[in-house]
Every structure is written in structure tokens, then in C-alpha cells.
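Fold and geometry: a report
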Amino acid sequence: VDLAISESEKAEKASIEAQLAKNEQQQQEMLVAKNVAGLNAIENALKCNAVDDAGKFRKKNASRLMTIRNSMVQAGLDCYNTKDYANATKYFGAFVETRHNALFADADFSTEQNFGQIAYYAALAAYFGKDMAKCNDYSDIALKSQERDSIANDVIIVKLGALEEQAKTAAIDTVTFTKIVKDVYDQFPDNENVFGKLVALYDESGKKDLA
């Protein structure tokens, strides 16, 4: 964690120097290096915390990684905008997954804004990056966020799309597909997309009475 944070700080300093020197290519390269090192710091801290039974490093790591965690949003956006969906998923995912990780158990997220929206972008990046399992995970997190009502329809559309892709490749069977859709329908019974998909699944599987 120490080494990765040091690398991130050095790359950030170099990016600022490149910006002042109007060397755009060098600036972008250093920003990428900063993001990679930042992600490494987070991943290493999570591993450290998983085996740190006494919690010796938890408070220190959580405190110094909060700014890096927040920087993962911009890193994700930069990759998403250049259609680098694999890395966008990693960066958005690091921000989203750490919210509920034991490493940040003592952190106050009460004033954090747009968490659900970022979880939706993580799901979208995963969908375009063809990581349907991650897409489902991040969709579920978005649907449990404070902003769920305002983003539910968009999230449901991408979640249903991911489920369709998984069904095509036999990653999930029809029974599992139907159960997941029914669970989403129970949460959002007024959503036309999930209602229509559930009716279709019941109809296709011969359950005419439920359809």
C-alpha cells in the first residue's frame, strides 16, 4: 500500500509538471500511471485488511485512501469516454465496492452524492465490456441506493440486457433468469420493462396462468 501510494503521488506531481510545461501527452500518461497506482493501493489495502485480524492498519489505510477512492470516479469516466470499458469497470467498481467493505466500516458516507448513479455507470461499463456478472452486481447495488427511484428504469434496462446475454450463453438457465426478474419485479412492480419481461418469461416457459 505504501509503495502504491508513493507511486500515485509521484505520478500526480509529474502530471502537474507536464501540464505546466504544456506537454499534453506526458500529462495524460502520468494521469494514467496515477490511476493505476491508486487502484493498486486500494486493492492492496483490501487484501491487507482481509488478513489484519487486529485491525492494526485499518484506520490509517482508510483515512489516506479516501481521496484515492474518490479519484476512481474520474478515472472511470476517462476510460468510459474513450470506450476502455474493462478499465472503466475496474475504476468505477473500486469506488462502488469499497463503500460497503470492512476497510471503510468507520467512514461517514452520509454526505456522499451520486453513489447510485456511479454504480449504474459501473454496471453500464461492465455491460459494454461484456462482464455480465459484474453488470448484475453493480445493478443490484444501484437499485439499493438512495437514488434508486430516479435511476431505476435505466438500471433495470441494463440489468435485463445483461441477463439476456447470460441466458444466451447458458451462464444462467431460464429458472434462474425468471427468479431474478421476479425479484426485481417485486421491488418495482410499476416498471413496464420488468413487468413485460416477466410476463414473456412465464409465457415462454409454459406457465400461462402466471403470465
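1. Thoughts on the packing of aromatic side chains
Enumeration over the complete set of coordinates arrives at nine aromatic pairs. Geometrically, the ring pair formed by Y80 and Y121 is edge-to-face, given 5.8 Å between the ring centres and 80° between the ring planes. Within this pair, whereas Y80 is found in helix α3 (residues 58–81), its partner Y121 is found in helix α5 (residues 115–128), the two being separated by 41 residues in sequence. Take Y80: its relative accessible area is 15%, and that puts it in the buried class. Given the relative accessible area of 28%, Y121 is considered partly exposed. A ring pair is formed by Y120 and Y121, whose centres lie 5.8 Å apart and whose planes are at 50°; its orientation type is tilted. The exposure class of Y120 is buried, given its relative accessible area of 13%. Taken together through their ring pairs, the aromatic side chains of Y80, Y85, F92, Y120, Y121, Y127 and F128 make up a single cluster. Its end group placed over the ring of F95, R69 keeps NZ or CZ at 4.0 Å from the ring centre. A cation over an aromatic ring shows up here: R99 above the ring of F115, its NZ or CZ 4.4 Å from the ring centre.

2. Details of the side chain of E147
With respect to the helices and strands, the residue E147 is situated in the loop between α6 (132–142) and α7 (148–168). Although E147 lies buried, it forms no salt bridge, and the closest oppositely charged side chain, R99, sits 6.6 Å away as judged by the N-O distance. Separated by 3.4 Å, the side chain of E147 and the backbone nitrogen of N114 make a polar contact. Excluding residues that lie within four positions of it along the chain, E147 makes contacts with N114, F115, G116 and Q117.

3. Some words on unusual backbone geometry
A positive phi angle is found at K22, which is not glycine, with a value near 60°. Relative to the helices and strands, K22 resides in the loop between α1 (2–20) and α2 (24–51). Relative accessible area serves as the criterion here: at 79%, K22 is assigned to the exposed category. Located in the positive-phi region is A170, a residue other than glycine, with phi close to 65°. Along the chain, A170 turns up in the loop between α7 and α8 (174–187). You can call A170 exposed: its relative accessible area is 64%.

Thresholds, definitions, all that
- Residues numbered from 1 in each chain as written.
- Predicted model: local features only at pLDDT ≥ 70, side-chain atom pairs only at ≥ 80, totals over all residues.
- Heavy atoms only, no water.
- Phe/Tyr/Trp six-rings, centres within 6.5 Å; stacked < 30°, edge-to-face > 60°.
- Helix = DSSP H or I, 4+ residues; strand = E, 2+ residues; numbered from the N terminus.
- Buried < 20%, exposed > 50% of the residue type's maximum accessible area, 1.4 Å probe, protein only.
- Lys NZ or Arg CZ within 6 Å of the ring centre and 35° of its normal.
- Lys, Arg positive; Asp, Glu negative; His and termini not counted.
- Salt bridge = Lys/Arg side-chain N within 4 Å of Asp/Glu carboxyl O.
- Polar contact = N/O pair within 3.5 Å; in protein donor to acceptor, adjacent residues only side chain to side chain.
- Contact = heavy atoms within 4.5 Å.

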